[in-house]
Amino acid sequence: MVFDSQPSTRQPAAFLWLYALAWAGGAVAYVPFLTILLPARVETLTSDAVRWLAYMTFFGAIAASVGGILFGWLSDYTRSRRGWIAAGLVSTIVLIHLVPFFRQPVALLFLIMAWQLALNMMLAPLAAWAADHVPARQLGSLGGLLAFSPALGSAAGAIVTIRGLATPDQRLTLVAALVAICVLPALLLGQPASPRKQAPAMDGVPPAAPSRSIAIAMWVARFLVQVSEAALFAYLYYYFRSIDPARDAASIARLFGLVVGASVPVALLIGRWSDKHQRPIAPLFVASTLGGLALIAMATAHDATQATAGYVLFGLTTTVFLSLHSAQTFRVLRHSSRRGRDLGIFNLTNTSPSLIMPWLTVSIVPVFGFQGLFALLSAFSLGAAVILIAVARMVRRA
């Protein structure tokens, strides 16, 4: 499943680890800011915080979608990845420091849109940088390392909100510092081995494989899983409270952190297995199938034990799926001259669920409850598994 203009030079482990740390810098930037610091800031500006936060989430997702494609394309056009990554890093840090100076909700909304553009100025070329250099036989290992991203993002949120550590404004500086600590080592020290284009077929698939069909199928499969993950992430607290009213936020946060942390070694092991056995699609199929079954368990749960078990399975398998899928996406990028732009299009699977998920939830939960929502989400995850079966068949026919 490797196409023309794909790198074939094996990369040193140091580069893969530095790259994974830089990629985690994106999660360190947006997880604590968008889930904790920004909502708290909005509450100090207006009594209608929920509505304004919804606006910021919606229009921020649009800006992120546009930025991913735009800056991916610009990094293709200028034939420069590091320069755009560095510019995005600096812009992200500067803009987050401007938050305290914007005291009107509408002004803060436009700042968030600009910040999302800046963040994707960093992330879009960063994604293409790995696609330029990491060969197919290392993509499973890289995908496993990318599982550190949500784990470090969650850890950053816990660090910057330690009681007494920093004021609200200083927390923004802490986030900026942590992002720089993650990204700068790759920019300054990351030295990938010089790529060379691969002429012969690899993994039994000729260069003429139908990459467009496979790319579309991979996009749809990720989108379906990502919608499920986004909905569950946003409403996890309310779900557990509906099952067990005595459940508090702290216990739910601990459970979330435990699942995210446990997913890292699981993703590393499965990623290396997929490289060794040259089975890039199999782990994705298994993860999406188990994720769908976990959602069924959550939809039918009548006690906290079943609900917790279902969430643990869903959290583990979905994190593994998204991490490995991020790396395996590089396999379907046929043209090296368009990698940044094409990855920006794939990034829509990350941003567009934020546009769809709120309306989906508002339409279903009041009528059918969380059981109805999770039943629909399970169909999405199982649908992704069916699509991945089709992907495997397309690869075999190629």
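Residues numbered from 1 in each chain as written. Predicted model: local features only at pLDDT ≥ 70, side-chain atom pairs only at ≥ 80, totals over all residues. Heavy atoms only, no water.

## Quick notes on the packing of helix H2 (residues 49-77) against helix H4 (residues 105-133)
It is the contact of H2 with H4, at a shortest axis distance of 7 Å, that shows an interaxial angle of 30 degrees. By the criterion of interaxial angle, the relationship of H2 to H4 is roughly parallel. In the packing of H2 onto H4, the handedness of the crossing is right-handed. Contacts between H2 and H4 involve Trp52, Tyr55, Met56, Phe59, Gly60, Ala63, Ala64, Gly67, Gly68, Phe71, Gly72 and Ser75 on the former and, on the latter, Pro105, Val106, Leu108, Leu109, Ile112, Met113, Gln116, Leu117, Asn120, Met121, Ala124 and Pro125. Across the contact of H2 with H4, the residue classes tally to 17 nonpolar, 7 polar and no charged. (Axes fitted to C-alpha atoms, helices over the stretch in contact; angles between N-to-C directions. Helix = DSSP H or I, 4+ residues; strand = E, 2+ residues; numbered from the N terminus. Parallel < 35°, antiparallel > 145°, perpendicular 65-115°, else oblique. Left-handed = near helix turned anticlockwise from the far one by under 90°. Contact = heavy atoms within 4.5 Å. Nonpolar A, V, L, I, M, F, W, Y, C, P; charged D, E, K, R; others polar.)

## Description of helix H10 (residues 282-299)
In this model H10 runs 26 Å from its N-terminal to its C-terminal C-alpha over 18 residues, within 8% of the 26 Å that 1.5 Å per residue would give. Within H10, burial applies to Ala282, Pro283, Leu284, Ala287, Ser288, Thr289, Gly291, Gly292, Ala294, Leu295, Met298 and Ala299. (Expected span 1.5 Å × (residues − 1). Buried < 20%, exposed > 50% of the residue type's maximum accessible area, 1.4 Å probe, protein only.)

## Considerations on the confidence of the model for the protein
Here the protein shows a mean pLDDT of 87. Residues at 70 or above account for 92%. Helix H14 (residues 353-397) is the least confidently modelled element of the protein, averaging 85 in pLDDT, while helix H3 (residues 82-97) averages 96, the highest of any element. (pLDDT = per-residue confidence, 0-100.)

## Re a nonpolar patch on the surface
On the surface, a cluster of nonpolar side chains totalling about 660 Å² of accessible area is made up of Tyr55, Phe59, Ile62, Val66, Leu70, Trp73 and Tyr77. When you line up the elements, Leu70 lands in helix H2. The exposure class of Leu70 is partly exposed, given its relative accessible area of 37%. (Patch = residues over 30% accessible without salt bridge, like charges linked within 9 Å, V, L, I, M, F, W, Y side chains within 5 Å. Areas by Shrake-Rupley, 256 points an atom, 1.4 Å probe, with all protein chains shown as cover. Salt bridge = Lys/Arg side-chain N within 4 Å of Asp/Glu carboxyl O.)

## Focus on the nonpolar core
Phe33, Leu142, Met218, Tyr239 and Phe374 are the most contacted members of the largest nonpolar core, which has 107 residues in total. Residue contributions to this core peak at 16 residues, all from helix H8 (residues 211-243). The contacts of Phe33, once residues within four sequence positions are left out, are Leu38, Pro39, Ile96, Val99, Ile112, Trp115 and Leu172. (Core = buried A, V, L, I, M, F, W, Y, C linked by side-chain atoms within 4.5 Å.)

## A short note on the pattern of salt bridges
Evaluated as defined, the whole model comprises 6 salt bridges. A salt bridge links Asp169 to Arg41, with the nearest nitrogen and oxygen atoms 2.7 Å apart. Separated by 128 residues along the polypeptide, Asp169 in helix H7 (residues 168-189) and Arg41 in helix H1 (residues 13-45) bring together distant segments of the chain. With its nearest N and O atoms 2.4 Å apart, the salt bridge here joins Arg51 to Asp48. Take Asp48: its relative accessible area is 30%, and that puts it in the partly exposed class. Three or more residues joined by partner-sharing salt bridges are found here, namely Asp76, Arg81, Asp132 and Arg339.

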